[in-house]
Amino acid sequence: MSTASPSEPDKVRQDIQHTRAELGETVAALAAKTDVKTRLGGKATSAAGGLRQRLTTASQSAKTSATQRFRTVSQKASRRAATAKQKTRQAMTKARGSAQAGAQTTGKTESTEVTSARAMTAKVGTAVRAKPLPVLAAAGAAAALTVVAYRRRRTR
């Protein structure tokens with residue numbers, strides 16, 4: 001065996017320290033792999049973060065979509081309401097025109113019918129005054145028939 005130089009023990013000590021450091025890192029890595037609780041906690045945290053991000057994205061997308069659909073429906077409703085309002089106005093205008101025309105026509109018809117009825121009443125009144133006997137006989141016959149019909153119904 002040869003004699004050791006003074007630098008050789010320092011070198012051996014450094015090698016030992018280096019080996020201990022590597023061994024410490026290896027042990028730490030193995031310990032980390034065997035610590036299931038910590039590994040699962042990390043995965044759970046990572047998964048929760050991913051879910052939060054997806055949820056936020058989906059929420060923003062839903063809000064945007066809902067806002068766009070609301071605007072579209074609101075615009076369509078406004079257009080349909082305006083169209084209905086316009087059609088209602090047109091119908092009201094036509095109805096007023098028809099009512100005015102009908103009132104004019106009805107007024108003429110009523111006055112013609114009233115005049116005709118008055119003339120007929122005057123004729124009948126004149127005829128009854130001239131010959132009251134047939135009218136009285138017809139009225140008496142009608143009264144007699146009414147009394148007979150009433151008695152028949154009562155006896156049943």
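Thresholds applied
- Residues numbered from 1 in each chain as written.
- Predicted model: local features only at pLDDT ≥ 70, side-chain atom pairs only at ≥ 80, totals over all residues.
- Heavy atoms only, no water.
- Helix = DSSP H or I, 4+ residues; strand = E, 2+ residues; numbered from the N terminus.
- Buried < 20%, exposed > 50% of the residue type's maximum accessible area, 1.4 Å probe, protein only.
- Areas by Shrake-Rupley, 256 points an atom, 1.4 Å probe, with all protein chains shown as cover.
- pLDDT = per-residue confidence, 0-100.
- Patch = residues over 30% accessible without salt bridge, like charges linked within 9 Å, V, L, I, M, F, W, Y side chains within 5 Å.
- Salt bridge = Lys/Arg side-chain N within 4 Å of Asp/Glu carboxyl O.

Another point: the overall build of the protein. Within the protein one finds three helices and zero strands. When the elements of the protein are put in sequence order from the N terminus, they spell out α-α-α. Scored against the burial criterion, the 156 residues of the protein give a buried share of 1%. Counting only carbon and sulfur atoms, one obtains 60% of the accessible surface of the protein, whose full area is about 14,400 Å².

Turning our attention to the confidence of the model for the protein. Here the protein shows a mean pLDDT of 82. Residues at 70 or above account for 90%. Put simply, helix H2 (residues 36-130) is where the protein has its lowest mean pLDDT, 82, and helix H1 (residues 7-34) is where it has its highest, 88.

A cluster of nonpolar side chains, Met120, Val124, Val128 and Val135, forms an exposed patch at the surface whose accessible area comes to about 310 Å². Counting residues per element, the nonpolar patch draws most heavily on H2, at three residues. Residue placement: Met120 occurs in helix H2. Accessibility expressed as a relative area gives 49% for Met120, which makes it partly exposed.

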